[in-house]
Amino acid sequence: HIQDPASQRLTWNKPPKSVLVIKKIRDASLLQPFKELCVYLTEENNMIVYVEKKVLEDPAIANDENFGPVKKKFCTFREDYDDISNQIDFIICLGGDGTLLYASSLFQGSVPPVMAFHLGSLGFLTPFNFENFQSQVTQVIEGNAALVLRSRLKVKVVKEHREKTTVQNGIEENGVVSANLEKEVGKQIMQYQVLNEVVVDRGPSSYLSNVDVFLDGHLITTVQGDGVIVSTPTGSTAYAAAAGASMIHPNVPAIMITPICPHSLSFRPIVVPAGVELKIMLSPDARNTAWVSFDGRKRQEICHGDSISITTSCYPLPSICFRDPVSDWFESLAQCLHWNVRKKQNNFAVEEEE
């Protein structure tokens, strides 16, 4: 039995009580929608609203006396300092696709359902318009919505530890707390959850990058070019599409490998099963190091002996649909990427009988 992608529905075990509102920073056009949404959530639905502290530091919000009573009810947090992963029932994003990627980065384990409003520049991943937000939010709170489970990548970066540091109870000898990493003898291990893609590139070097790509322990190829993109189906319409890859529906269980400007005419993008483990390392004879980034963040250098392991995460991002997974995706292709837009071919004129 093959599951119909449109059959995935949002269901609540108990009514949601807390909501995280993510707003694009430094965008004045979002201030009014943000205030309207927060007033509606707190006063009409008695929801506990979580907002990042830096959002409320915007002078336009901080100096608004009328918004003061609502602001006092907020629960605030700081990225990389406060863990809110077990306190949020669902998420509302106001902005572009970047807000959804940011929401993903805040939850390194399971992710609450995400409702994304299109108030940014692209909006491929944000299907909701803000005009009728009250009825749409109410439907989500009541559990009347379709879902698409967007797979994420679990990425492990293992670096050779080149400086001796003793770690005792998670604190290095210089007094810095080691967060988000484990330490082994001579190794540093970091883990990330990635929604769009992992990008390995040549960084500032003028030389071609030379990285080896392993699949389940077998060397499948060496990438000689500007780099390689390893993406989810959600990320297939982002950087991978710009680099010439096919676009894959987010319900397809797959991982895409797309070269960036390969120095080979026959190196085409490929799709591999979601269950495999990819490993990327610098080739032994590489002239220069490589650089890696995760959804455009946490950019860092990769040297000889370091490795990047990538597999499908068991923690997808549940994205709430406007209609259903199929309709939303093709609507985004048409509206945002103008997929298959061209002037129609004229039909043959029927000759009139003499």
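Parameters at a glance
By convention here, each chain's residues receive numbers from 1 onward along its written sequence. Selection of residues for local features in this predicted model requires a pLDDT of at least 70, selection of side-chain atom pairs for listing and counting requires 80 or more, and totals for whole chains, interfaces and linings are taken over all residues. Side-chain calculation: all heavy atoms of the structure are included, whereas hydrogens and water are not. On a scale of 0 to 100, pLDDT captures the predictor's confidence in every residue. By definition, residues are in contact when any of their heavy atoms lie within 4.5 Å. The salt bridge definition used is simple: a Lys or Arg side-chain nitrogen within 4 Å of an Asp or Glu carboxyl oxygen. Here the term buried applies to any residue with accessible area under 20% of the maximum for its type, exposed to any over 50%, and partly exposed to those in between, with areas from a 1.4 Å probe on protein chains only. Secondary structure counts use DSSP, requiring at least four H or I residues in a row for a helix and at least two E residues in a row for a strand, with both numbered from the N terminus. Two rings belonging to Phe, Tyr or Trp (six-membered ring only in the last case) form a pair when the distance between their centres is within 6.5 Å. Interplanar angles under 30 degrees mark stacking, angles over 60 mark edge-to-face geometry, and anything in between is tilted. Two limits define a charge over a ring: the Lys NZ or Arg CZ must be within 6 Å of the ring centre, and within 35 degrees of the ring normal. The definition of a nonpolar core used throughout is a set of buried Ala, Val, Leu, Ile, Met, Phe, Trp, Tyr and Cys residues joined through side-chain atoms within 4.5 Å. Strands are labelled as partners when DSSP assigns at least two bridges between them. With axes taken as lines fitted to C-alpha atoms, and helix axes fitted only over the stretch in contact, angles between N-to-C directions fall between 0 and 180 degrees.

Mean pLDDT over the protein chain stands at 90; residues scoring 70 or higher make up 90%. Contacts of residues 173–179 to residues separated by more than four positions or lying in other chains number 9 contacts, the stretch itself having pLDDT below 50.

On to the pattern of salt bridges, then. Enumeration over the complete set of coordinates arrives at 8 salt bridges. In this structure, Asp27 engages Lys24 in a salt bridge whose closest nitrogen and oxygen atoms are separated by 4.0 Å. Judged by its relative accessible area of 33%, Lys24 is partly exposed. Between Arg297 and Glu79 there is a salt bridge whose closest N-O contact spans 2.6 Å. Of this pair, Arg297 sits in strand S20 (residues 297–302) while Glu79 is found in the loop between strand S3 (75–77) and strand S4 (90–95), placing the two residues 218 residues apart along the sequence. Classification of Glu79 as buried rests on a relative accessible area of 18%.

Within the structure shown, the criterion is met by 12 aromatic pairs. Ring geometry for Tyr192 and Phe294: centres 4.3 Å apart, planes at 20 degrees, overall stacked. Taken together, the residues Tyr192 in strand S11 (residues 187–194) and Phe294 in strand S19 (residues 290–294) connect sequence positions 102 residues apart. On the accessibility criterion, Tyr192 (14% relative accessible area) is buried. Residue Phe294 is classed as buried on the basis of its relative accessible area, which comes to 4%. Their ring planes at 80 degrees and their centres at 5.2 Å tell us that Trp329 and Phe330 sit as a pair that is edge-to-face. When its relative accessible area of 10% is taken as the criterion, Trp329 is described as buried. Among the aromatic side chains, those forming a connected cluster through ring pairs are Tyr40, Phe117, Phe128, Phe130, Phe133 and Phe322. Here the basic side chain of Arg78 rests over the ring of Tyr81, its NZ or CZ set 4.7 Å away from the ring centre.

A separate point is the nonpolar core. In this structure, Phe34, Leu37, Leu41, Phe74, Ile92, Phe117 and Val137 are the most contacted members of the largest nonpolar core, which totals 32 residues. Those elements that place two or more of their residues in this core are strand S1 (18–23), helix H1 (31–44), strand S2 (48–52), helix H2 (53–56), S4, strand S5 (114–118) and helix H6 (133–141). Broken down by element, the residue count for this core peaks at 6 residues, all from H1. Residues contacting Val137, with those up to four places away along its chain left out, are Leu37, Tyr40, Leu41, Ile92, Met115 and Phe117. Among the nonpolar cores identified, the runner-up in size contains 29 residues, and Met190, Val211, Leu278 and Val292 belong to it.

Sheet strands pair by backbone hydrogen bonding; their relative direction is either parallel or antiparallel. Overall, antiparallel pairing links the 6 strands, which are arranged S17-S16-S15-S12-S19-S20 in an open sheet. In this open sheet, the two strands that pair with only one neighbour each are strand S17 (270–273) and S20. Adjacent strand axes in the sheet meet at a mean angle of 20 degrees, parallel and antiparallel pairs treated alike. The pairing of strand S16 (residues 254–260) with S17 spans 4 bridges and is classified as antiparallel. Paired with Met256 across the bridge in S17 is Val271.

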